[in-house]
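Structural overview
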Amino acid sequence: MPSASTGASTIVDASAVTAVRTEAAPLDVVPVDSRMAPGGPGYRRMSLALFLAGVATFALLYSTQALLPLISGDFGVTASTASWTVSAATGALALFVLPLSALSERFGRRTLMTVSLAIAVAVGLLVPFAPSVGWLVALRAVQGTALAGLPVSAMAYLAEEVRPKALITAIGLFVAGNSVGGMSGRVITGWVAQEWGWRVALGVIGLIAVGCAVAFRLLLPAPKHFKAGSLRPAVLVRTVRGHLANPLLCRLYAIGALFMTVFGAVYTVIGYRLTDAPFSLPQGIIGSIFLVYLVGTVSASTAGKLVGRLGRRGALYLAGGTTTAGLLVSLADSLPLILLGLVLITAGFFAGHAVASSSVSHTAKEGRAQASALYQSAYYLGSSAGGTLGAVAFHTGGWAGTVALGLLAVLGVVTITVVGSHAARISRNTVQLPSSVK
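Figured I'd write up the structure that's included with this text. (Residues numbered from 1 in each chain as written. Predicted model: local features only at pLDDT ≥ 70, side-chain atom pairs only at ≥ 80, totals over all residues. Heavy atoms only, no water.)

1. Description of the packing of helix α2 (residues 43–61) against helix α9 (residues 167–196)
Heads up, the rule is: Only the stretch in contact is used when a helix axis is fitted, and all axes are lines through C-alpha atoms; the angle between N-to-C directions ranges over 0 to 180 degrees. In this description a helix means any DSSP run of H or I spanning at least four residues, a strand means any run of E spanning at least two, and both kinds are numbered starting from the N terminus. Two helices that cross are described as forming a left-handed crossing if the nearer one is turned anticlockwise from the farther one by less than a right angle, and a right-handed crossing if clockwise. Whether two residues touch is decided by their heavy atoms; if any such pair falls within 4.5 Å, the residues are in contact. For this classification, Asp, Glu, Lys and Arg are treated as charged, while Ala, Val, Leu, Ile, Met, Phe, Trp, Tyr, Cys and Pro are nonpolar and the rest, including Gly, are polar.
Between α2 and α9, whose axes approach to 7 Å, the crossing angle comes to 35°. Pair α2 / α9 crosses with right-handed handedness. Of the residues in α9, those touching α2 at Tyr43, Ser47, Leu50, Phe51, Gly54, Val55, Phe58 and Ala59 are Thr169, Ala170, Leu173, Phe174, Ala176, Gly177, Asn178, Val180, Gly181, Gly182, Ser184 and Gly185. Residues that form the contact of α2 with α9 fall into these classes: 11 nonpolar, nine polar and no charged.

2. Here's the deal with the packing of aromatic side chains
Rules: Side-chain rings of Phe, Tyr and Trp (the six-membered ring for Trp) are treated as a pair once their centres are within 6.5 Å; stacked means planes under 30 degrees apart, edge-to-face means over 60, and tilted covers the remaining angles. Note on classification: 1.4 Å probe, protein chains only; a residue is buried when its accessible area is under 20% of the maximum for its type, exposed when over 50%, partly exposed between these limits.
Evaluation of the coordinates by the stated rule reveals nine aromatic pairs. Between Tyr375 and Tyr379, the ring centres sit 5.9 Å apart and the planes meet at 20°, which makes this aromatic pair stacked. One end of the pair, Tyr375, and the other, Tyr379, are both in helix α17 (residues 368–432), four residues apart, so they sit about a helical turn from each other. Residues Tyr375 and Tyr379 agree in their burial class; the two are buried. Through a chain of ring-to-ring contacts, three or more aromatic side chains come together here, namely Phe263, Tyr267, Phe349, Phe350, Tyr375, Tyr379 and Tyr380.

3. Notes on helix α3 (residues 68–75)
To be explicit about the condition: Arc definition: directions from the helix axis to the C-beta atoms.
Burial in α3 covers these residues: Leu68, Pro69, Ile71 and Ser72. Along the axis of α3, the buried residues cluster in a sector spanning 165°; they form a single face. The elements touched by buried residues of α3 are α4 (79–82), α5 (84–107), α7 (133–147), α10 (198–219) and α12 (247–275). Once α3 finishes, Gly76 follows within two positions and takes phi at roughly 65°, a positive value.

4. Overview of the side chain of Thr189
Its location among the elements puts Thr189 in helix α9. Owing to a relative accessible area of 0%, Thr189 belongs among the buried residues under this scheme. Beyond its immediate stretch of four places on either side in the chain, Thr189 contacts Ser63, Ala66, Leu67, Ser184, Ala201 and Ile205.

5. So, the pattern of salt bridges
Inclusion rule: Basic side-chain nitrogens of Lys or Arg form a salt bridge, by our definition, when they fall within 4 Å of a carboxyl oxygen of Asp or Glu.
Enumeration over the complete set of coordinates arrives at two salt bridges. For Arg109, the salt bridge identified is with Glu160, shortest N-O distance 2.3 Å. One end of the pair, Arg109, is in helix α6 (residues 109–126); the other, Glu160, is in helix α8 (residues 149–161), and 51 residues separate them in sequence. According to the relative accessible area criterion, Arg109 is buried, its value standing at 1%. Its salt-bridge partner being Asp333, residue Arg273 comes within 3.3 Å of it at the nearest N-O pair. Of this pair, Arg273 sits in helix α12 while Asp333 sits in the loop between α15 (303–329) and α16 (335–363); the two residues are 60 residues apart in sequence, bridging distant segments of the chain. Overall, the relative accessible area of 7% leaves Arg273 in the buried class. A relative accessible area of 64% means that Asp333 is categorised as exposed.

6. Concerning the packing of α9 against α10
Spelled out, the test is: In this scheme, roughly parallel covers angles under 35 degrees and roughly antiparallel covers those over 145, while 65 to 115 is roughly perpendicular and the rest are oblique.
Remark: α9 packs on α10, axes separated minimally by 7 Å, with the N-to-C direction vectors making an angle of 140°. Considering their axes alone, α9 and α10 lie oblique with respect to each other. Crossing handedness for the pair α9 and α10: right-handed. Here Gly185, Ile188, Thr189, Val192, Ala193 and Trp196 of α9 lie close against α10, whose contacting residues are Trp198, Val200, Ala201, Val204, Ile205 and Ile208.

7. Description of the nonpolar core
To keep it simple, the criterion reads: Remark: nonpolar core denotes a set of buried residues (Ala, Val, Leu, Ile, Met, Phe, Trp, Tyr, Cys) joined through side-chain atoms within 4.5 Å.
One finds Met46, Leu50, Leu158 and Tyr267 to be the most contacted residues of the largest nonpolar core, which totals 109 residues. Look past the residues within four positions of Tyr267 in its chain and what remains in contact with it is Gln65, Phe290, Val292, Tyr293, Leu342 and Thr346. Grouped together as the second largest cluster of nonpolar side chains are 12 residues, Leu67, Val127, Trp198 and Leu202 included.

8. A few points about unusual backbone geometry
Going from Ala277 to Pro278, the amide bond is cis rather than trans, its omega being 10°. With respect to the element layout, Pro278 can be found in the loop between α12 and α13 (283–288). Despite not being glycine, Ser280 shows a phi value in the positive range, around 50°. Here Ser280 is to be found in the loop between α12 and α13.

Shown next as structure tokens:
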């Protein structure tokens, strides 16, 4: 039966209803994760923006690497001296990435990435006019300092704005942009330098970076989950100390540095090897060798699937094994086998880098910019060391000397991963023990 009318007014206070609903919301409504995910709003724009940022970063950072034989000849310097045009940029980036990470925490990821790219691009337009190798090295150091604000901010932006399950894939796409930038910068400079010289080649790279920087700023969505941190040195020191006290993070930092030592050594001196007899290749062809970076684009972007199948440590073992195979194959005095070796080295390196860098972002629960900064610092110190030591090894022992350096670095990666596997096994066994046994 219908309920009897009480005669009371049926008008209900709207604010009361709102209050009731608000109080009930925590019980009835499941919070929605507003972070970006594949297929969701803003994800494609974000992916393209950071891909272009990665292109600009690596194209500028390694713009002189394919041109080292020409720079050596123009200025009358050795391979070791010319290699500083690469090592100065990567070394400066390694030194300043941590201080700039503090600015990222205070002023925001997108802001710092924009400023970093703008300064790096401006310096890139001045680099072609360097009157001496000293000036060239100095300008490259300034450029590396400016670029230090970009990779760490990008990693922190992704960790904050992308859902955890999509994080490895998103970082893989950013790393893939790095590989495309490194490849296109070297290929373009090689062919342009063959016709018009290395200065014009560097100018072309500067203009390409301008376009990438503008598109990046227009495409990147505004951050929604950034919370400004403190610029106080004590806070930064405490955060860094906490990250360095984490054994897993320290292992990941060392792995990134060692992988990059191999990569930096190989690609710094490969141009000298292919310029010398019996190959005696022209500059344009040498630049085209860097098309193998496309392999790195694929291996980096699929790192998420690799981790899903093999786990993080399994993926690192596979990356290290692939890199080792590439180093050994490259010893042959056969151009096709050298190319195959470079393909394997590149695939192994980019897969290992994507796995290690994404694991850092996943492991750090706070101070993500500093955690990523420490990784980037170790990574680019490895690049700087690899470029310089690789040139020295090549000067003293030829290509075999460079390969020996690379094999030692890969052995370090495998050893660290084995230690990590052992530590994880002990940790699991300890957790599973009954409290009375503990």
